[in-house]
Every structure is written in C-alpha cells, then in structure tokens.
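# Observations on chain architecture
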Amino acid sequence: MLKEINKIAQAENDAIIKTNLDYTLFSWSKQAGLNPINVRRAEGVYLYDYDGKRYIDFSSQLMNVNIGHGHPKVAEAVYKQMREVSYVTPGCTTKARGDLGKKLAEITPGTLTKTFFTLGGAEANENAIKLARLYTGRHKIITKYRAFHGASYASMSAGGDPRKVPADAQQAPNFVHVEDPFCYRCPWSQKIESCHYECASHVERVIEFEGPETVAAILMEGESGSSGCIKYPPNYWKRMREICDKHGILLIADEVMSGFGRTGKWFGIDNFGVEPDILVMAKGITAGYIPLGGLIVSEKIAAAFNDKPLMLGLTYSAHAVACAAANAVIKIYEDENLIENTVNMGRYVEERVEELKKIHPSIGDFRNTGLLGCIELVKNRDTKEPMVPWNKPAEGAIMNEVAAKIRELGMYTFVRWNYIFIAPPLCVTKEQIDEGLDIISQAISIADKHCN
Ligand SMILES: Cc1ncc(COP(=O)(O)O)c(C=O)c1O
C-alpha cells in the first residue's frame, strides 16, 4: 500500500517537473539538463519539495521573501482586496494605493514623498532613469560595473553585471560605468590606512571628462547585492551626494535588494545618513508575495510635474492587490520587529562566520550588512586568488561541487563565481542560522582542499 502511494507521489512529482521543463523557459540557464527543486510548499524559512525534503532558504529566494514564506496575513489582505476591487486604471484612486504611498513617504529618507508604482525592480529603474532625464534635461547616467539593476534594456545597460554581455550589442546608450569602491580588492591597491577615497575622486574625474552638464544622475545600489555585497566605505555615499550637489546631478539609490529591512535599516542608504533624490524599490516591498516595484521622488522633483505632464505610465501601475499586499507586508515588518531582528541576527552571523574563518582557510572575506552577506572563497588568503575565476562558468567546477553539496545537505542559497550568499528571511532565528552555517561549513570543506 505504502509502496503504491510512493509510486503515485513519484509520478506526480515527475509530471510537474516535466511540464515545467517542456513548456516554460528558465532564467539565466542552459535549458537542457536543468534539475530544479520542485517546491510543494514553503513556510517560514523553509521550502519543502514533493519528496518531503526540507530546504532552509538562506537567500530568501531572490533576496525578496524578507518576511519568510507563507505568512497568512498577506494572503488575507490579498483576498480581502480582491473581493473589494482587484483592478482599476492608474487614473483612479484606491485606499490601498493612498495608504501605501503615505507609508512609503514616512519610512523613506528626508523629503522623498511621492511614489510612482511599477511591477518590479527593472521597470522601476527604467522609470527612474527616464524621470531623471526628463527632470534634468540631461542624458548620461553614471553607474557601477559591479552592479545589477534589472534585465530590461535600460536597466541592463545601467548595470555592469556580465549577464548583459550576450545582449550588449543592443545596449541602451548614455550609461557611463565607473569602478566600484571594492576595499577587499581595491582597484587603486590601497589599504584602509592609506585610503584617500581614490574611488570617489575617480567618479568625479569621470564626470569632469564626460561634461557635468550632460550628466542626469548617479545611480547606485543602496547596498551592493548580487555582485558580492561590496560594502561602501563609510563616507562614500556622502561623497557621491556632494558631487551631485556640486554639479546639479540627481542621486538615485536602487534599493530593490537592499530595501525593506534587509540591511538592518528600512533602506541601505539609511546606514549612511544620506538622502537620495530618487529611491527605487521592489522585492521586499511585498516580500515577493505579489509583484510590485516603485520609485519615490523628492517633493522638488514631484513639484516639477505639477504644471507639465509626467510622461510615465503602465497598465498595472498601483495595482490595488499589490498595494494591499505591500501594506500588509510593511505592517508585518513593524509588528514582528523584523528590522531589529535583522540587526541582531546579522551580528550573530558575523560572529559565527568569524569562527568559521578559523577552521576554513578558503574563506577570504565576509562582507555583510544586516542580513545581506556574502562569503568570498579564495585559494590563498595572501594572494586573494579567487577559488574560481570571475565569470568563467567552464572553470567553476569547485564552486559547482560546493553548490551541489549545499543543496544535498538541504539548503537553498545563491552560489555565484567564488561567492556564497547569506541572506535568510529577516524572521530567522539563531538556531536556524546555526543550522544553515553548519551546512555551509560542510560544503566549504570541499573548497578548503584546493587552498595552496
Ligand atoms: C539591485 C537590483 N536592482 C534591480 C533588480 C531587478 O529587479 P527585478 O528582477 O524585479 O526586475 C535587482 C534584481 O535582483 C536588483 O538586485
């Protein structure tokens, strides 16, 4: 009997995977030979597949499920909103939209007041870039190489992430990339003691060369995410603000990944006491339960469109159901003290990784803010030779083995190049962090054998 039930379950499992693979396309992957986790349900920090295997989610999926999986209050809010009204054109008003706009004005820095809603992060950056150009009458956008801003054309072109390279013949024009302030691998070979913020002077020089009067905005991730959690030096954001003010350039913070408590503050830029002119958001705004993004602008920028039309528009802008989900999610961050928990659990992760460093020679660096962290594996701590070369998938065998071990031991997280990401849902507990780091520790032992 049990055998029979198992057989039926196996058949169901296989059929689901097959229809997914036969009829849908998967992001950023070769389509043949995929072996996805077939997720049946998810709760808190765990995913469960059809075989009943449990995976601890150590990346909050795409660093978006910040409140954890399966929160009933979001489902209730969505259901209630759908019963009242699911969709009206963006020209109409709804309570959910107004409430969300007001709340965002309260939790974002300074005079940021009015939000334009989109469906996700890439679209929010597209519209922020367009708005910066409309507002300033200038065309160039200064961005970083080690950054990702989305996969649509302008957002992709704004990023420097190599995922854009296969399509870069069609890049959107007028993005100028600068080096990152990557202290562990400083492009100017500086140490903290000798550093004079060459990284910031470099940006100013590039702007001088480009002609400041042609530059509409500097766009940066609030805190660096998928490029390796490259932490900004303490005064870097302030220096960017000064450069912008000097030249009449707008400062745009892309908080798609670093927003909504992820770094231990509402937004990554809050760690630096700087107010951007435009703040871009998505992911954590609904914790991934329903797609939503947005850009909030300063009063001054909003006022510039009081007497001329704001030429932005989307069918699904300010979707009532998405706004209702976001209102419920933001209330959960507050009611469950998730930002405070992020600060405490982030410190705990840092202490525990310090201990791991003592037993794993392959841990070169750990960069973390709140619960947005990344372990960088190296072959040698002195030379900092990466465990596998940057962006050469064919030479990534060691990290593939590390990633396979992580999955085998029951964890879902991001392993990219020589990086392992640690970004669990913000409701994570110490016990769950121990469980996750134990898995990572076992997997890193594979890399240790390749140290020289
Ligand atoms: C910093 C940043 N901006 C923008 C995006 C794009 O967001 P979306 O995938 O919702 O378009 C991402 C996605 O990972 C991101 O990390």
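Data block above holds the structure.
As a starting point, this report considers the structure included with it. (Residues numbered from 1 in each chain as written. Predicted model: local features only at pLDDT ≥ 70, side-chain atom pairs only at ≥ 80, totals over all residues. Heavy atoms only, no water.)

## What to know about the sheet that holds strand β5 (residues 140-144)
Applicable threshold: The criterion for strand pairing is that DSSP finds at least two bridges linking the strands in question. Strands are runs of DSSP state E lasting at least 2 residues, helices are runs of H or I lasting at least 4, and numbering of each runs from the N terminus. Axis lines are fitted to C-alpha atoms, over the contacting stretch for helices. Their N-to-C directions set the angle, which ranges from 0 to 180 degrees. Whether two residues are in contact is decided by their heavy atoms, any of which lying within 4.5 Å being enough.
Across the sheet, 7 strands lie side by side as β4-β10-β9-β8-β7-β5-β6; this open sheet has mixed pairing. Edge positions in the sheet fall to β4 (112-118) and β6 (175-178), since each has one partner strand and no second. Put simply, the sheet's adjacent strands are angled 20° from each other on average, direction ignored. Pairing analysis gives 6 bridges linking β4 to strand β10 (residues 293-298), with the strands arranged antiparallel. Following the sheet pairing, T115 is matched in β10 by I296. Those strands touched by helix α7 (residues 198-210) are β5, β6 and β7 (215-221), and its axis lies near 150° from that of β6.

## Structural notes on the nonpolar core
For clarity, the threshold we go by: Nonpolar cores were defined as sets of buried Ala, Val, Leu, Ile, Met, Phe, Trp, Tyr and Cys residues, with membership established by side-chain atoms within 4.5 Å. To sort residues, take the accessible area from a 1.4 Å probe on protein chains only and compare it with the maximum for the residue type: under 20% means buried, over 50% means exposed, and anything in between is partly exposed.
Judged by nonpolar contacts, the single largest core of 90 residues is most densely connected at L104, I218, F260 and I375. Element by element, the count of residues in this core is highest for helix α10 (residues 320-335), at 10 residues. Apart from residues lying up to four places away in sequence, I218 is in contact with I142, V203, I207, M240, I243, C244, I249, L250, L251 and I252. In this structure, I141, V280, A282 and L295 belong to the second largest nonpolar core, which totals 25 residues.

## Focus on the sheet that holds strand β14 (residues 411-412)
Pairing is mixed across the open sheet formed by 4 strands, whose spatial order is β1-β2-β3-β14. The two strands at the open ends of the sheet, each matched to only one other strand, are β1 (39-43) and β14. Contacting β2 (46-49), β3 (54-57) and β14, helix α13 (residues 430-448) runs over the sheet at an angle of about 100° to β3.

## Things to note about the pattern of salt bridges
Short version of the rule: The rule for a salt bridge is simple: a side-chain nitrogen of Lys or Arg has to be within 4 Å of a carboxyl oxygen of Asp or Glu.
Throughout the structure, instances matching the rule amount to 22 salt bridges. A salt bridge links R185 to E376; the nearest nitrogen and oxygen atoms lie 2.7 Å apart. Pair noted here: R185 is in the loop between β6 and α7 and E376 is in strand β12 (residues 372-380), with a separation of 191 residues, a long-range link. When its relative accessible area of 1% is taken as the criterion, E376 is described as buried. In this structure, D365 engages R367 in a salt bridge whose closest nitrogen and oxygen atoms are separated by 2.8 Å. The pair formed by D365 and R367 is uniform in burial state, with each residue classed as buried. One network of salt bridges, in which partners are shared, links K102, K103, E106 and E334.

Read these as geometric descriptors, not functional statements.
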